[in-house]
Amino acid sequence: MLQQTQVSRVEAYYHRFLERYPSIESLAAARPSSVRESWEGLGYYRRAVNLHRLAQEVVRDRAGVIPGDPADLRRLPGVGRYTAGAVASFAFERPTPAVDTNVGRVLRRAFHPQTPRSSLTRRLWDTAEQIVPRRGKSAWMFNQAIMELGALICTARVARCGECPVRAACATGRKVRDRL
């Protein structure tokens with residue numbers, strides 16, 4: 001639900017959705033129209049369709065157990081690289097990156113401010129893979145922290161470098177500091 005949607009908008013939907021589908025088995029058994037109806041108002045309805053298909057596949061082929069390995073997660077319907085990384089990191093404490101828009105912006109400004117857009121995505125994921133801590137709990141805390149940094153300090157509209165705790169290690173932050 002949180003893909004491309006703010007937490008404040010999702011919160012009420014999330015609780016209602018979990019009340020209606022308290023287990024992966026109940027979601028898998030639901031009619032597709034019921035799942036779409038539960039999602040109504042959130043937009044991006046393909047996510048609801050994919051989540052339903054994912055639940056059905058996990059119940060049918062994996063005895064209701066969601067895999068923790070990012071490669072296994074990516075084989076599930078609707079799960080891309082970011083979602084696989086986020087689920088593996090946050091739910092299973094796997095040391096894997098989760099590069100969303102906010103994380104990508106922080107990494108670009110910190111490490112690759114001059115990288116052409118054509119090669120940026122691969123470069124950001126490579127960098128994230130190199131810097132994510134190798135211990136699970138540290139990895140998910142790191143992923144959460146860098147997401148928050150991008151959401152609150154290193155925002156799309158304004159990079160508040162003066163408030164940034166990592167500005168000394170950031171290519172963009174150093175440029176701003178050097179101009180002062």
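Residues numbered from 1 in each chain as written. Predicted model: local features only at pLDDT ≥ 70, side-chain atom pairs only at ≥ 80, totals over all residues. Heavy atoms only, no water.

Participant: Explain helix α8 (residues 117-131) residue by residue, including any values.
Facilitator: In a regular helix each residue adds 1.5 Å, so 15 residues correspond to 21 Å; α8 covers 21 Å between its end C-alpha atoms and thus fits that length. Its maximal kink placed at R123, α8 deviates by approximately 25 degrees. Along α8, the positions that sit buried rather than exposed are L120, L124, W125, T127 and A128. Contacts made by the buried residues of α8 are with α6 (81-92) and α7 (101-111). (Helix = DSSP H or I, 4+ residues; strand = E, 2+ residues; numbered from the N terminus. Expected span 1.5 Å × (residues − 1). Bend = angle between axes of the 7 residues up to and from the residue. Buried < 20%, exposed > 50% of the residue type's maximum accessible area, 1.4 Å probe, protein only. Contact = heavy atoms within 4.5 Å.)

Participant: An account of α6 is requested, with residue identities and associated values reported.
Facilitator: With 12 residues, α6 extends 16 Å from end C-alpha to end C-alpha; this agrees with the ideal 16 Å at 1.5 Å per step. Residues of α6 that are buried sit in contact with α5 (70-74) and α9 (136-152). Looking one or two residues past α6, E93 carries a phi angle of roughly 50 degrees, positive in sign.

Participant: Which residues make up the confidence of the model for the protein, and what values do they have?
Facilitator: Averaged over every residue, the pLDDT of the protein is 92; the share at 70 or more is 98%. Least confident of the elements in the protein is helix α10 (residues 171-179), whose mean pLDDT is 76; most confident is helix α2 (residues 24-29), at 98. (pLDDT = per-residue confidence, 0-100.)

Participant: I'd like a description of the pattern of salt bridges, backed by residues and values.
Facilitator: For the structure on display, the rule yields five salt bridges. The closest approach of N and O atoms between D61 and R60, which form a salt bridge, is 3.0 Å. Judged by relative accessible area, R60 falls into the exposed class, the value being 59%. (Salt bridge = Lys/Arg side-chain N within 4 Å of Asp/Glu carboxyl O.)

Participant: Residue-level account of unusual backbone geometry, with values.
Facilitator: Here the phi dihedral of A63 falls at roughly 55 degrees; this positive angle occurs in a residue that is not glycine. In this structure, A63 sits in the loop between α4 (45-62) and α5. The phi dihedral of E93 falls on the positive side, at around 50 degrees, and the residue is not glycine. Position of E93 relative to the elements: it lies in the loop between α6 and α7.

Participant: Kindly report on the packing of aromatic side chains, identifying the contributing residues and their values.
Facilitator: All told, the structure shown has two aromatic pairs when counted by the stated rule. If you follow R16 out to its NZ or CZ, it ends over the ring of Y13, 4.9 Å from the centre. (Phe/Tyr/Trp six-rings, centres within 6.5 Å; stacked < 30°, edge-to-face > 60°. Lys NZ or Arg CZ within 6 Å of the ring centre and 35° of its normal.)

Participant: Residues and numbers for the environment of R20, please.
Facilitator: Structurally, R20 is set in helix α1 (residues 7-20). Of the residues examined, R20 reaches a relative accessible area of 39% and is grouped as partly exposed. Placed 20 residues apart in sequence, R20 and E40 show a C-alpha to C-alpha distance of 14 Å. Contact partners of R20, with chain neighbours within four places excluded, come to S34, E37 and S38.

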